[in-house]
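# Coordinates in review
One letter stands for each residue in the lines below.
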Amino acid sequence: MKNKVLVTGGLGFIGSHTAVCLYEAGFEPIIVDNLSNSKISALHGIQELIGYKPSFYQNDISNIPALTKIFEEHKIDAVIHFAAYKAVGESVEFPLKYYQNNIGGLLAVLETMKAFNVNSVVFSSSCTVYGEPDQVPVMEVTPMKEAESPYGATKQMGERILNDNTNWCNTQCLRYFNPVGAHPSGKIGELPLGIPNNLIPYLTQTAAGIRKELTVFGDKYNTPDGTCIRDYIHVMDLAEAHVKAVERLIENKQEEAFEVFNIGTGTGSSVLEVIKTFEDVNQINVPYKIGPRRSGDVVQVWAETTKVEQVLGWKAQRDLSTMMKDAWNWQLELSKKTFNN
Ligand code: UFG
């Protein structure tokens, strides 16, 4: 019998890739998603990749009776909790919505887990908890800064809540850096609704002619080329990190009940380097202009990855060129679908 892993937000960008990787590693993914920021087409993509339709529940994670039904129907061995809102700017405008969903949702998931004696969870955290770091790369022990947005606050609070529940619950807390790219098949990827906020979907939409030009938010930062630096990480590497984390939980290999890992490549890339790599690897020109800084942007952040490599046994395998190639491949698939519909 396969171990069953409940994947909340399993039709989202990271969730859908993780569901595929879980299946490939011998687990059975059970998906719950309310489709608030995802589409049912992701389920079809997963189905094409794994060869069957995984169990899927279209429910809100805050709905405890609906969650209870899932736990009654399946003997869940571990939970990967992705379901949350993730737009920094939107969280400033609608803080209640963020606290409700990201904190209320986490509490509902934990309460249901506790009721069914399920005590293993992987939590989606973010490098946003470090704020503007005093030193790069950032280590897991680098102190957090006060959150700059309600979104960031929900990630810090989520970590705190899990830390407070170590008497019954084991947590693998994964702090993602900047997830990009897509499954190499082009069958699943990121589905930004409306005008994208993030660099890579804006870039691919510009290359596809959907947007006129990309704006680089500032080129006078104190970095080698003046643009901000991030640690971009391929979503397939990120998905594989989740599989490692689940295995560590299920095989009872944790040394502490709450363990935290940076999930990045350990390398920072500037905005201009990202654009240049995209253009080179895909042989396509991306019109861009330099614009003003975006408020709230940190100047530079990338991950120290020694702990995750040594303790979790995971290391990113895909480079920036692969990320840009797969992101473009996915955009081309998306454009085809739009034309066909
Ligand atoms: N950028 C541009 N032009 C754009 C979009 C982004 O120049 O049109 C720049 C940003 O200024 C930044 C870089 O590209 O320097 C990356 O920006 P993203 O919006 O893609 O990503 P962020 O680093 O701002 O945010 C990401 C996640 C958040 C998370 C945060 C933690 O989207 O969920 O990392 O640092 F909180």
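Above this text sits the structure in question.
Summary of the structure given here.

Scoring rules and cut-offs
- Residue positions are given per chain, counting from 1 as you read along its sequence in written order.
- Under the rules for a predicted model, residues below a pLDDT of 70 receive no local features and side-chain atom pairs below 80 are neither given nor counted, while totals for whole chains, interfaces and linings still include all residues.
- Side-chain figures throughout are based on the complete set of non-hydrogen atoms in the structure, without hydrogens or water.
- Labels follow the DSSP assignment, with helices taken as runs of H or I lasting at least four residues and strands as runs of E lasting at least two, numbered in each case from the N terminus.
- We take the radius of gyration over the C-alpha atoms and set the globule estimate at 2.2 Å times the residue count to the 0.38 power.
- Throughout, exposure labels follow a simple rule: accessible area from a 1.4 Å probe, protein chains only, divided by the maximum for the residue type, with under 20% read as buried, over 50% as exposed, and the rest as partly exposed.
- Per-residue and other accessible areas were derived by the Shrake-Rupley procedure at a 1.4 Å probe size, with only the shown protein chains allowed to occlude residues.
- Working convention for charge: Lys and Arg count positive, Asp and Glu count negative, and His plus the chain ends are omitted.
- In this description, the location of a charge corresponds to atom NZ of lysine, CZ of arginine, CG of aspartate or CD of glutamate.
- Paired strands, as defined in this entry, are two strands with at least two bridges between them according to DSSP.
- By definition, the arc is the one covered by directions from the helix axis to the C-beta atoms.
- Throughout, a residue-residue contact means that at least one pair of heavy atoms, one from each residue, lies within 4.5 Å.
- Distances are taken per atom, and a residue is near a molecule or strand as soon as one of its heavy atoms is within 4 Å of it.
- Each polar contact in these results corresponds to two N or O atoms within 3.5 Å; when the atoms are within protein, one needs to be able to donate a hydrogen and the other to accept it, and residues that are neighboring in sequence are counted only if both atoms are side-chain atoms.

A tally of helices and strands in the chain yields 11 helices and 13 strands. The C-alpha atoms of the chain give a radius of gyration of 19 Å, which matches the 20 Å a tight globule of 341 residues would have. Over its C-alpha atoms, taken along the principal directions, the chain stretches across nearly 55 × 50 × 40 Å. Within the chain, the proportion of its 341 residues that are buried is 52%. For the chain, the computed accessible surface area is about 15,300 Å², with 49% contributed by carbon and sulfur atoms. The chain carries 31 positive and 39 negative side-chain charges, and their two centres are separated by 4 Å.

Our focus in this paragraph is the sheet that holds strand 6 (residues 170–176). Strands pair in a sheet through their backbones, by hydrogen bonds, and they do so in one of two ways: parallel or antiparallel. One open sheet holds the 7 strands; their spatial order is 3-2-1-4-5-6-11, and the pairing between them is parallel. Each of the sheet's edge strands pairs with one partner strand only, and the pair in question is strand 3 (56–57) and strand 11 (258–263). Pairing between strand 1 (residues 4–8) and strand 2 (residues 28–32): 5 bridges, direction parallel. Counted as the bridge partner of T8 is V32 from strand 2.

Let us now look at helix 3 (residues 64–73). Three or more residues of helix 3 are buried, namely A66, L67, I70 and F71. Viewed along the axis of helix 3, the buried residues span an arc of 140°, placing them on a single side of the element. Along helix 3, the residues that are exposed and aim more than 90 degrees away from the buried face are P65 and E72. For helix 3, the secondary structure elements touched by its buried residues are strand 1, strand 2, strand 3, strand 4 (76–81) and helix 5 (95–115).

Every one of the 20 residues lining the ligand counts as a neighbour, but L199, T215, R230, R294 and D297 are closest to it. In the environment of the ligand, an oxygen atom lies 3.5 Å from a nitrogen or oxygen atom belonging to the side chain of Y151. Measuring from an oxygen atom of the ligand, one finds a side-chain N or O atom of N198 at 2.9 Å. Burial of the ligand by the protein chains amounts to 89% of its free accessible area of 680 Å². No other element matches the 4 residues that strand 8 (residues 214–217) contributes to the shell around the ligand.

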